[in-house]
Structures are given as structure tokens and as C-alpha cells.
Amino acid sequence: MSGFYDIDTRELVIPLRFERVRKFSEGLAAVRDKGLWGYIDMTGAWAITPRFELADDFHNGLAAIEAGKFIGVIDRTGKIVIEPQFARVEPFTSDIVIATEGEVGPRGVYPGFETVGGAVGVDARRGLYQIGRGWITDASLRVNPFDPSRGLFWARPREGGFSGIMRLDGSWFLEPSDITGGEPLRDGIAIVHGWEKAKPNNIFLTGAVDAKGRLVMPLKDWRFQRFSDESPFIRVNDESPFIRVNQGAREGRIDGKGRLLGERLFDEIDGLNEGFAVRTGDTWQFLSEQGELSPLREDAYDRKVQGVDWRLRRVAKDKYRIIGPDGAPTTPETFDMVYGYGTAPFPVMIGKRFDDTGETRLGYVDAHGRLVGPGLAFQMISQFNGDRALAQQDGKWGLIDPSGRFVVKPVYDSLTPTGHFPATSGLGMVSPGPKTERAKNEPWRLFVGVKDKQVVALDRNGAEQPLSPDDDPRVPPASKSRLETKGGLRFAVVDGLWGMTDLDGKWIIAPKYRALHDFQQGVAWAPIDEERRWCPVGPDGIVRDKPACVAERYPFLITHSWPEKLAEDRYESSVLWSLAYLETLAGVRAEGPKMVGDGVRGGTGWRPVGR
């Protein structure tokens, strides 16, 4: 089930009582209850009672809703202001929408994540439709938003040609020119596209226009990379937005006025506090937010590390040096990586781990940036817990104190704090994670080591201790049954028919189905043989007709793959596939049903045999 929590306090403010929820928009949130959609206010009270098959967010006081095979529009009171009659609807202004004629299109075989309106054909009529008036654009036009606040939209002839920006009265704000498609205006910039006819293939072009429709970024064969859907800009700060542009392996930055900084593209760009570091060949320079180039300062990449009085300076790509408060290096060593955790000592790493030229060497630096103890003398290390850390030297593990001295000699093939599972990262750091909530705040007191193939318990000073079964890492935790669901329920079968129980064995869904799918967004899914369809089942075990039943369904789908066909009939094939999957989880089958890849990104086949 779903609800809402406060982002700042992380407290649940609207209980988990809905099957699906959408984000709040204009003070209301679309939620699904017992298969139907309605809207709640910020207190969780019903503002619009559930009666729609699907519901979208509010924009300009309007929201698209789905009823039957069509999309309509409601206002904030829930009143239907445009009867369901379209394949898709997008609010444009407070009384105008972009509407697409036809019925709601297909959505595929995996329901549960639908949005209002399915797929629509490229030839479907799409235009502006006004409440109480009807169509207000020519049926021969393709339309998209440019700036709804000013009643401006992109318009292009349906039979092809160029796009321009049109007003609601049909006059041109921007006459069609070389632009074949445009996007909405965001942060004063609208990205536009075009084509350059060339052999053997046409070249896709990208540029941008400003709020007045002026082409501030010329159409070129480059690509813009957006920071988000809300804005085309990468924000260095609130006053300085930039668009990242790429042309092959070269890249640049374009400011909010459409200027290409430095009037060129570079081989590499890194962001700095007040500009960019740019590389041309082997030469690095500083590129200001005003587009001026100058020599790159030595301290351009200095980074303050919390809790200490030294800075981290990048002196070459993937090479760092520790700089003290006097501006001088605290040690002559350069490091590939430095990890700051807020309390000294800090672990550092030098050397290469994944090639044949060397091996990882790790050590610690103190709060003043000086190497601790033997320096870079360890193969693997962990963070400190109190005054102890795990360290590996010459393939053996021991315990060190903050001075870098071994207080427990490195004689163990493995060493594990009890109550923790050690997890090794790719950089030589060991991060023992807590096995229990209690272990999070406790200092390491007891360890389990393996020496000469014998398990030994020892304390933080190396003295051997009794080892209880609860502390023995060789004893695996009790594993959940593979029939147990993520929500804490369990699939169960009686006389070949499947249902679902809670962990105490109480039936949630009675065993009367040939297969069954887990709960997702408030409903499970069961095959109804009488109807030859998969239908939703609520937490009360009762079959519903909302969300809509479907002809086929699978417990999961994988991109670039599809379930193998086990019968010619779509419904029967999905039932047999789901049954085979359940029987695999139950251990009845040695191999699960196949998920066949597309032969490209999906490979040639995959066998799902468990969760």
C-alpha cells in the first residue's frame, strides 16, 4: 500500500492506505482505492471521490482522466468539463487542452504502471481543443506546447514541412523556417530540431530559440544534454545555467543567452566553483562563466574535506595531493584516492588494482594530513570503529590502532567483527556493515578469525574468547522461503491450486487459481479461467474488475526479452509460464521457464529460477 511522508522529517503524514499514488499537483494528489482513482487533499481527505479508471496530475486547474476507452478532463471540483472522447489529453491553458482523437491505445502486457492514455498512432489528429467551444486549430496541423502562459504553440503541417510558433488566433508568432520540431520553453530557452539533407544519411540538427522565437543557438549537428525534464540547463548556481553540448567526443557549454562559451568545443570539460576547466590536447585552461579563457590556477581543483584543516588538490587526472593550511603539501606522496569520513584518520589509496603494473597500497592520514604509522603499507583496510580497524598485509589480516600499529598481528586468513558482514569495495576498502540494528552503535569487541583453517574467536587485543553459535559467521542466517513475497506473505498450493497466506498461515487469497502473481500497488493478479483473463485480487481476497482485467500477464518482464511461448493462446501461455515460475520457487522444477532475449541487447535466453 502507499501513502505520503514529509521529506524533511521523514514522518508518515498520510497513512499507507492507497493502492497507488501520484505526486501532489496544485494541492491535490491522484490516488487509487479499490481499483478506482480519485484525488485527496494535503490532509489525506477525499477532494474528488474515486470513480475514474486512471487519473493524471493537475495543470492549470485541469486534469486528464480515463473512463472506458477514452480520455476526458475534469476541473478541481471533479466536474467533467470535457467528456471522455479522446485518445490522449494534455492541459495547455486553463480552458484549452492538446487533444488527440481516437481511443486509448494499447499498453502492453504488464499493467500496474499505466499513465493516462496509451500509445497513439502517428497519423492521429492532434490539435487544440477549448472547453465549451471545441476544436480551435486546423486539422491539418501537428501541435505541441511552446509557451502556454502566452498561448503560444508549435505548429507544423501534418503532411510534413517546417514548424513555426502560432498564436491561439491562428496568426504566426514565428513563421515556419528551418525548424522541423520544437520543445516547450524552459528557463527562457526552447530546444529545436532540424535536418540537413546529406548523403548517405540525413544529419540531425539541434539548436534553440529564446522566448521571442529568435534562434539563439544555430542548428548544428551537435547534441544537447539536459539536466532534467523541467529545465534544459545544467545549473552551476541559480544565476548561471548552462547547457552541455556534444559533437562527437568534443563538448562545450552554452549559457542562458545562447552563447557558446569560449566560442568553441573542447576535448574535455570539468566543472569548477566559478567556471570550468577545459582541455585542448594536453593543455588545460580556465573557462569563466563569461566565456573568457585564462591559465588554470594550481588551486583550481582544491576541495575542502570536512573536519580537518587541510585541502585535497588534484594535480593530474586521478592524482591528488594533500595541502596544509600554509599552502604547502603535508606529504610528498600523491594519491589516486582519498576518502574523508569526517573524523581522522582518513584512509587513502595509491597504486593500480586492476592492471598488471602494480597493486593497491593503502594507508591513513591524520587530521593534519600526515601519513600515519607505516604509511601506504596495507593491501586492504577498513574504516575505524572506535580505536580499531581491519588491515591486510602480505595476504593476512590483523587489527591496527589509530597510530597504524598492529595491536593484533596479521596472521589471519580472514577477520570479521561479530555482528557484521565484511563487504569489499573495488578500491580495497572493507566496509563491515551491521548485521543487526544493535550492532550499528556498538564498538567492535569480539572478532572471528580463520587461522590455519581453524576458526578462532578473539577480542580487540588479540586474546582468545569463547565463541557462541550466534557469533559464528559460518552459521548462515535463517533464509526465507523462495515462496515468501517481498511484502511478507507467502505463496501456498493445495491440490494444485495456488493462493497466498500470511506468515502465520492465515489465508489472504484462497487456493483456487492455477497460478498467482504477487501484490503490486495494492492488488495481486490471478487467472480467471471462466473469463480467460487475469484479474486483480484485493487484500480481502475478492476479485475485482478494476484495474481492468487483461488477456495475459507475467510476474515480471525484462527489457529486450520476452517470455517463451508455452501455448498458442496468449492467456493460456501466460498461465503456464507463471505456474512454471511458481513451481520453480517451490522446488518442484529444477529449471524455470525461459525468458528469451532479442539476440541483441537481450542476449539469446535467460532462465528465471528464483527471486
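Preceding this section is the structure that the text describes.
The rules behind these values
Residues numbered from 1 in each chain as written. Predicted model: local features only at pLDDT ≥ 70, side-chain atom pairs only at ≥ 80, totals over all residues. Heavy atoms only, no water. Pairing = 2+ DSSP bridges. Helix = DSSP H or I, 4+ residues; strand = E, 2+ residues; numbered from the N terminus. Patch = residues over 30% accessible without salt bridge, like charges linked within 9 Å, V, L, I, M, F, W, Y side chains within 5 Å. Areas by Shrake-Rupley, 256 points an atom, 1.4 Å probe, with all protein chains shown as cover. Salt bridge = Lys/Arg side-chain N within 4 Å of Asp/Glu carboxyl O. Core = buried A, V, L, I, M, F, W, Y, C linked by side-chain atoms within 4.5 Å. Buried < 20%, exposed > 50% of the residue type's maximum accessible area, 1.4 Å probe, protein only. Contact = heavy atoms within 4.5 Å. Disulfide = S-S within 2.5 Å. Expected span 1.5 Å × (residues − 1). Polar contact = N/O pair within 3.5 Å; in protein donor to acceptor, adjacent residues only side chain to side chain. 1 Å grid on protein atoms, 1.4 Å probe; cavity = no way out; pocket = protein on both sides within 12 Å on 5 of 7 lines; lining within 4 Å. Points joined across faces, edges and corners; volume = space filled by probe spheres on them. Nonpolar A, V, L, I, M, F, W, Y, C, P; charged D, E, K, R; others polar.

J.: What exactly am I supposed to notice about the sheet that holds strand β21 (residues 215–220) here?
T.: What holds strands together in a sheet is hydrogen bonding between their backbones, with the strands either parallel or antiparallel. Judged by pairing direction, the sheet is antiparallel, and its four strands sit side by side in the order β18-β19-β20-β21 without closing on themselves. Each edge of the sheet is formed by a strand with only one pairing partner; in this case those strands are β18 (181–182) and β21. Note that strand β20 (residues 203–210) and β21 share three bridges and pair antiparallel. Among the inter-strand pairings, Val-209 is bridged to a residue of β21, identified as Leu-215.

J.: Please explain a nonpolar patch on the surface as it appears in this structure.
T.: A cluster of nonpolar side chains, namely Met-1, Tyr-5, Ile-7, Leu-12 and Leu-16, defines an oily patch on the protein surface of about 570 Å² accessible area. Looking at the secondary structure, you find Leu-16 in strand β2 (residues 12–18).

J.: In this structure, what is going on with the nonpolar core? I would like to understand it.
T.: Across soluble globular proteins, nonpolar side chains show a tendency to be buried alongside one another. Counting 29 residues, the largest nonpolar core has Phe-491, Trp-498, Ile-509, Leu-516 and Trp-534 as the members making the most contacts within it. Within the residue set of this core, elements represented by two or more residues are β46 (489–494), β47 (497–502), β48 (507–513), β50 (523–528), β51 (533–537) and α2 (570–585). Top element by residues in this core is α2. It accounts for seven residues. In this view, Leu-516 contacts Phe-491, Trp-498, Gly-499, Met-500, Ile-509, Trp-525, Ala-526 and Leu-582; residues no more than four positions away in its chain are not counted. If you look at the next biggest cluster of nonpolar residues, it comprises 24 residues, including Leu-54, Ala-55, Ile-74 and Phe-86.

J.: Just checking my understanding: could you explain the state of the cysteines for this structure?
T.: This structure, assessed with the given rule, holds one disulfide. The side chain of Cys-535 participates in a disulfide bridge whose partner is Cys-549; the two sulfur atoms lie 2.1 Å from each other. Taking the sign of the S-S torsion, about 120° here, the bridge from Cys-535 to Cys-549 comes out right-handed. Taken together, the positions of Cys-535 in strand β51 and Cys-549 in the loop between β51 and β52 (561–563) put the pair 14 residues apart, joining distant regions of the chain. Across the pair, exposure class does not vary: Cys-535 and Cys-549 are buried alike.

J.: Help me understand the pairing of strand β26 (residues 268–272), please; the structure alone is not making it clear to me.
T.: Along any regular strand, the residues point their side chains to alternate faces of the sheet. Counting buried residues along β26, four of its five residues qualify, which places the element largely inside the surrounding structure. Pairing analysis gives five bridges linking β26 to strand β27 (residues 275–280), with the strands arranged antiparallel. For Gly-271, the partnering residue across the bridge sits in β27 and is Phe-276.

J.: I tried to follow α2 on my own but got confused; where do I start?
T.: The α-helix winds at 3.6 residues per turn, so residues separated by three or four positions along the chain end up facing the same way. With 16 residues, α2 should reach 22 Å at 1.5 Å per residue; the first-to-last C-alpha distance of 23 Å fits that figure. Judged by how many residues are buried, α2 sits mostly within the fold: 13 of 16 residues are covered. The distance from a side-chain oxygen at the start of α2 to the backbone nitrogen of Tyr-571 is 3.2 Å, and the residue carrying that oxygen is Asp-569. Phi turns positive, to about 85°, at Gly-587, one or two residues after α2.

J.: What am I meant to see in the layout of surface pockets here?
T.: Where empty space is left becomes clear once a probe the size of a water molecule has been rolled over the atoms. By volume, the largest pocket is sized at about 700 Å³. For the largest pocket, the lining is made up of 24 residues, of which Asp-56, His-59, Glu-90, Pro-91 and Pro-145 are closest to its centre. Of all the elements in the fold, those that place two or more residues in the lining of the largest pocket are β3 (20–25), β7 (54–59), β10 (80–91) and β14 (141–147). Sort the elements by how many residues they give to the lining of the largest pocket and β10 lands first, with four residues. For the lining of the largest pocket, the class distribution of residues is 10 nonpolar, four polar and 10 charged.

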